[in-house]
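# Structural description and commentary
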Amino acid sequence: MTFFQHRKVGFKILAGYCLILALMGVVSTMTIVQMSRLSSDFNRLSQESSEQQSLVRSIIMEIYRMRVAVIKYTSYQRSIDLDDYNKAVSELKNLLDVANRTLVETEERSGLDKLSSHFKDYQASFEKMIHLLSNRQKTLTEVMDVQGPLADQKLNELFKQAVQAKQQSALSTVVIADQAVTLMRLDVFKYLLEGEEVWVRNFEERHQQILGVLTQLESLLPDASARQLVTEAKAAVRAYVAGFQTIVSDYTQQNQLFKDVLEVLGAAMRQDALAAGEGVQARLKTQSEAAIAFARQILWVVVTLTLAAIVVSLFIGGVTTKAMTRPLALLVKAANRVAEGDLGSVVAEPGNNPALQRRDEIGEIGQAFAQMIASLQQLTGRTLEVT
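These remarks concern the structure in this document.

The rules behind these values
- Residues numbered from 1 in each chain as written.
- Predicted model: local features only at pLDDT ≥ 70, side-chain atom pairs only at ≥ 80, totals over all residues.
- Heavy atoms only, no water.
- Helix = DSSP H or I, 4+ residues; strand = E, 2+ residues; numbered from the N terminus.
- Expected span 1.5 Å × (residues − 1).
- Buried < 20%, exposed > 50% of the residue type's maximum accessible area, 1.4 Å probe, protein only.
- 1 Å grid on protein atoms, 1.4 Å probe; cavity = no way out; pocket = protein on both sides within 12 Å on 5 of 7 lines; lining within 4 Å.
- Points joined across faces, edges and corners; volume = space filled by probe spheres on them.
- Nonpolar A, V, L, I, M, F, W, Y, C, P; charged D, E, K, R; others polar.
- Patch = residues over 30% accessible without salt bridge, like charges linked within 9 Å, V, L, I, M, F, W, Y side chains within 5 Å.
- Areas by Shrake-Rupley, 256 points an atom, 1.4 Å probe, with all protein chains shown as cover.
- Salt bridge = Lys/Arg side-chain N within 4 Å of Asp/Glu carboxyl O.
- Phe/Tyr/Trp six-rings, centres within 6.5 Å; stacked < 30°, edge-to-face > 60°.
- Core = buried A, V, L, I, M, F, W, Y, C linked by side-chain atoms within 4.5 Å.
- Contact = heavy atoms within 4.5 Å.

Below, the discussion takes up helix H5 (residues 168–194). If you check H5, its first and last C-alpha atoms are 39 Å apart, about what 27 residues at 1.5 Å a residue would give, namely 39 Å. Buried within H5 are the following residues: Ala-170, Leu-171, Thr-173, Val-174, Ala-177, Ala-180, Val-181, Met-184, Asp-187, Val-188 and Tyr-191.

Right, here's the structure in full:
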C-alpha cells in the first residue's frame, strides 16, 4: 500500500484502469472459452444427430427395397428382381456395419441386435422361398410341360385309331377324355395365376373324370396297341397329377412362408430400426439437455464474475479516490486555518500530516504549501521585529 501511495497520481489512475481491464479480460476470456466449448458441443450434437438419423432412415429404406424385391421375385421370378434383392441386402449389411460402430448406447444396441438377428432369419427364409420357387419351376418344366402334352398326344393317337376302326362309342369317349385333360391343364394355369383353392378342386374333379373315362375306354378297345395307348395316357395323367400336387404343396408352403415369416420379419426389422432411432433420439435429447444445463451454468458464472468485477472495480475506484481526496481535504482544511490567521497549521508539521509524507503530486503540493507557510511565518516574524 505504501508503494502505491508513493506513486504518481497518473500512475495510480492508470493502474486502476489496468486492473479493471484485467478483470474484465479474465471474465471475457472465460466467457469466450466456455461459449466456444458450448458451441462445439452443440455442433457435435447437431452433426451426430443428422448423421445417425440419416443412417436409421437409410436402413429403413433398404429394408423397404429388400421387401419390395422379395414381393416382385415371388410374383414374377425375374432375375432383375433377384438382383435388386441382392443389392439391397449388400447395402443393408454395410449400413448395419456402420451402425454397429457408431451406435453404442444400450437402447440403440438392443434394437440393432434384434434387427441383425431378424435380418439373418429373413435371408434364410427367402433362401427357402427361392428353393420352393425353383422347385416349382422345375416341376412345371420337367413334369407338367412334358406329361400334359404327352397325355394329349396319346389321346390324339387313340382318336385316330378310333376313327380308322369306326368305333363311335370309343371315339366319343376319347373326345370326352381329351376335353377333360384340356380343362385340367386350364385349371392348372388358373391356379398358378390366382392361387385359389377352387381351381384345385376343379382339377381333382377333372382328374377323376379322366380316370373314369380312360377306364371305360379300355373296355371299349379290343386292340392291344390301343389299350397300350390308354395305359400310357393314364401314366401321363398320373405323372401330371403328381406334378400338380407337388406344385400345390410348394405353393402352400410358399404362401405360409411369405405371410407368416417374411412379412412378419420384414415388419419386425422396420420396428427394430425405429427402436434404434428412438434410442438415438433419446440419447441426443439427454446430451442436449446436459448442454443446455451447462449453458445455464455458464450464464450464471458469467453474471457472477461480471458482478464481482463491478464490485472490485468500484472498490478500486473508491480506494483510489480516497487516496487522492483525503490528503487534499487535509490541505484544504489547513489552507482555511491559514486564511483565518493560524500559521501554525499542522501542514507545517511533517510528522503529523500524511500529505507531507507522500511522494506523488499531492505530496509535492503539501511540501510546497508547507514551505509557503514557513515563508509566511518568517515574513511575519520580521515584520513584528521591525515594528
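Over the atoms rolls a probe the size of a water molecule, and in doing so it shows where empty space is left. Under the definition given, this model contains 1 cavity of 30 Å³ or more. Together, Val-56, Ile-59, Leu-103, Leu-112, Leu-115, Ala-273 and Ala-276 line the largest cavity. Of all elements in the fold, only helix H2 (9–76), helix H4 (106–165) and helix H7 (224–339) reach the threshold of two or more residues within the lining of the largest cavity. Classifying every residue of the lining of the largest cavity by side-chain character gives 7 nonpolar, no polar and no charged.

Our next topic: a nonpolar patch on the surface. A grouping of Leu-299, Trp-300, Val-303, Leu-307, Ile-310 and Leu-314 is seen on the molecular surface, where their side chains present a nonpolar patch of about 650 Å² in accessible area. Here Leu-299 lies in helix H7.

Turning next to the packing of aromatic side chains. One pass over the structure, following the stated rule, counts 6 aromatic pairs. Taking the centre distance of 4.3 Å and the plane angle of 45 degrees together, the rings of Tyr-85 and Phe-126 count as tilted. Of this pair, Tyr-85 sits in helix H3 (residues 79–102) while Phe-126 sits in helix H4; the two residues are 41 residues apart in sequence, bridging distant segments of the chain. Residues Tyr-85 and Phe-126 agree in their burial class; the two are buried. Clustering of aromatic rings is evident, with ring pairs tying together Tyr-191, Phe-203, Tyr-240, Phe-244 and Tyr-251.

Per the counting criterion, the structure on display carries 7 salt bridges. We note a salt bridge from Lys-154 to Glu-232, for which the minimum N-O separation is 2.7 Å. Within this pair, whereas Lys-154 is found in helix H4, its partner Glu-232 is found in helix H7, the two being separated by 78 residues in sequence. A relative accessible area of 13% means that Lys-154 is categorised as buried.

Turning our attention to the nonpolar core. Generally speaking, nonpolar side chains in soluble globular proteins are found buried as a group. Counting 35 residues, the largest nonpolar core has Leu-158, Leu-214, Leu-217 and Phe-244 as the members making the most contacts within it. Counting residues per element, this core draws most heavily on H7, which supplies 12 residues. Dropping the residues within four chain positions of it, Phe-244 is found in contact with Met-144, Val-188, Tyr-191, Val-200 and Phe-203. One finds Met-66, Val-70, Ala-88 and Met-129 within the second-largest nonpolar core, a separate group that totals 31 residues.

Honestly, that's just the spatial picture; any functional story needs more than this.
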